[in-house]
Amino acid sequence: MKIASAQKACGNLSGLLKTICSASIVIASMPGTIQAEAITKSPAELRADLRAGNWPHSTQQLLIKPEVEAFITQLMSKMTLEEKVMQMIQADISAIKPQDLREFNIGSIEAGGDSAPNNSDVHSPPAAWLALADEYARAANEYKAADHRAIPIIFGIDAVHGHSHLGGATLFPHNVALGAAHDPELMTRIGRATAEEVAATGIEWTFAPTLAVVRDVRWGRSYESYSEDPKTVASYASAMITGIQGEIGTKDFAAPGHAIASAKHFLGDGGTEQGRDQFDNWSSVPELIRVHAAGYLPAINAGALTVMASYN
């Protein structure tokens, strides 16, 4: 009925618009384009579902240590409200200079798509990236606080399928192709290789892996999803986290040559309506759990140090 109604609507258009409209209906009705499950519950029932204990959860506190929690509590008790807010800010290197960190104790910096050392070539050599990272780190450590020590800066970058900002870096096929390999062990090796090149440039954090489960081929970021199969995404999640960060519970975890991973984007970015990026996801709660959350518990159990919030 929905397709018939849409075709009727297309008939009211003309020329190129009619062609585009009709093509969209064909794509939407293709077997490979999985539609979200219909929502039949009331808002109250949905809220009850969200509160229910049917979301997957880790039974282990893998990363929480009492001595670290005590240190954080003690440190925050001495921080001003402004300092706490600043720790929640991530600034792009195109907008903040190293010397600014002596005055503002922001939590992290990133190198966005076109950002590079000294506004130069985005594919700058390793030495240029390393020198820049050192400048930011030294400046952050020189932040002047009245009664507590400076908090080190964290430097993040999008190294999703290799350290693509780096001149001469090893680049791997994008996620959609890696998913077609059906080889989790390969993902661990790729994660390790990527982390080594990120760490060599003085950067601690990569915004990977993407754990979106694509549901509509019209989504412009479909190439970032390993698969439309949540089981494949789940099997890759822990493998890539382990490669980037090292195996949790061993001396290799967070050792030199590794980086901080980021499971993203929580939650449902691959299931937006009609494949529109940064749009609404109308999935039911069971579908959110079964499909879109599939990769997150394996990532957390593998020790993922960060999770990136979504924008849909």
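A short tour of the structure in this document, coming up. Just so it is clear, the model here is predicted, and its values are computed rather than measured.

## Let's talk about the packing of aromatic side chains
Logical step 1: In the structure shown here, the tally under the stated rule is four aromatic pairs.
Logical step 2: Here the aromatic rings of Tyr226 and Tyr236 are separated by 5.0 Å at their centres, their planes lie at 70°, and the arrangement is edge-to-face. Of the two residues, Tyr226 is situated in the loop between β4 (205-206) and α9 (230-245) and Tyr236 in helix α9; the sequence distance between them amounts to ten residues.
Logical step 3: Under the relative-accessibility criterion, Tyr236 is labelled buried at 1%.
Logical step 4: Sitting over the ring of Phe279, Arg276 keeps its end group 3.8 Å from the ring centre.

## Digging into the side chain of Asp269
Logical step 1: Tracing the backbone shows Asp269 in the loop between β5 (262-266) and α10 (285-292).
Logical step 2: Despite its burial, Asp269 remains without a salt bridge, the nearest opposite charge being carried by Arg221 at 6.2 Å.
Logical step 3: Side-chain polar atoms of Asp269 contact the side chain of His265, separated by 2.7 Å.
Logical step 4: Not counting residues up to four positions away in its chain, the partners in contact with Asp269 are Ala212, Trp219, Ser310, Tyr311 and Asn312.

## What about helix α8 (residues 184-200)?
Logical step 1: Relative to the 24 Å expected for 17 residues at 1.5 Å per residue, α8 spans 25 Å between its end C-alpha atoms, a close match to the ideal helical length.
Logical step 2: Taken together, the buried positions of α8 are Met187, Ile190, Gly191, Thr194, Ala195 and Val198. The arc that holds the buried residues of α8, viewed along the axis, is 135°, so those residues lie on one side.
Logical step 3: Of the surrounding elements, those touching the buried residues of α8 are α7 (175-181) and α9.
Logical step 4: The positive-phi residue at the C-terminal boundary of α8 is Gly202, with phi of around 80°.

## Quick look at the pattern of salt bridges
Logical step 1: This model, assessed by the stated rule, comprises seven salt bridges.
Logical step 2: Between Glu185 and Arg189 there is a salt bridge, with its nearest N and O atoms 3.4 Å apart. With a gap of four residues between them, Glu185 and Arg189 both fall in helix α8, about one helical turn apart.
Logical step 3: With a closest N to O distance of 3.4 Å, Glu196 and Arg192 form a salt bridge. Here Arg192 and Glu196 lie together in helix α8, a separation of four residues that amounts to about one turn.
Logical step 4: A cluster of three or more residues bridged by salt bridges with shared partners is formed by Arg192, Glu196 and Asp252.

## Description of unusual backbone geometry
Note: most peptide bonds trans; most residues except glycine with negative phi.
Logical step 1: Across the junction of Ala208 and Pro209, the peptide omega takes the value 10°, indicating a cis bond.
Logical step 2: Relative to the helices and strands, Pro209 is located in the loop between β4 and α9.
Logical step 3: Cis geometry marks the peptide bond from Lys264 to His265, where omega comes out at -5°.
Logical step 4: Along the polypeptide, His265 turns up in strand β5.
Logical step 5: Non-glycine residue His182 carries a positive phi angle of around 50°.
Logical step 6: Tracing the sequence through the fold places His182 in the loop between α7 and α8.
Logical step 7: A relative accessible area of 58% means that His182 is categorised as exposed.

What counts, and where the lines are drawn
- Throughout this description, residue numbers start from 1 for each chain and increase along the sequence as written.
- Restriction of local features to residues with pLDDT of at least 70 applies here, the model being predicted, together with a cutoff of 80 or more for giving and counting side-chain atom pairs; totals for whole chains, interfaces and linings are based on all residues.
- Only hydrogens and water are set aside; all other atoms, that is, all heavy atoms of the structure, feed into the side-chain values.
- Two rings from Phe, Tyr or Trp (for Trp, the six-membered ring) form a pair when their centres sit within 6.5 Å of each other. Planes less than 30 degrees apart are called stacked, planes more than 60 degrees apart edge-to-face, and all others tilted.
- Strands here mean DSSP runs of E at least two residues long; helices mean DSSP runs of H or I at least four residues long; both are numbered from the N terminus.
- Whether a residue is buried, partly exposed or exposed follows from its accessible area with a 1.4 Å probe, protein chains only, as a fraction of its type maximum: under 20%, in between, or over 50%, in that order.
- Two conditions define a charge located above a ring, namely a distance within 6 Å from the ring centre to NZ of Lys or CZ of Arg, and an angle within 35 degrees of the ring normal.
- Positive charge is attributed to Lys and Arg, negative charge to Asp and Glu, and no charge count is given to His or to the chain ends.
- In the sections that follow, a salt bridge refers to a side-chain nitrogen of Lys or Arg positioned within 4 Å of a carboxyl oxygen of Asp or Glu.
- Two N or O atoms form a polar contact when they lie within 3.5 Å of each other; inside protein one atom must be a possible hydrogen donor and the other a possible acceptor, and for residues adjacent in sequence the pair counts only when both atoms belong to side chains.
- We call two residues in contact when some of their heavy atoms are within 4.5 Å.
- Here, expected helix span is obtained from the residue count minus one, scaled by 1.5 Å.
- Arc definition: it is the arc formed by the directions from the helix axis to the C-beta atoms.

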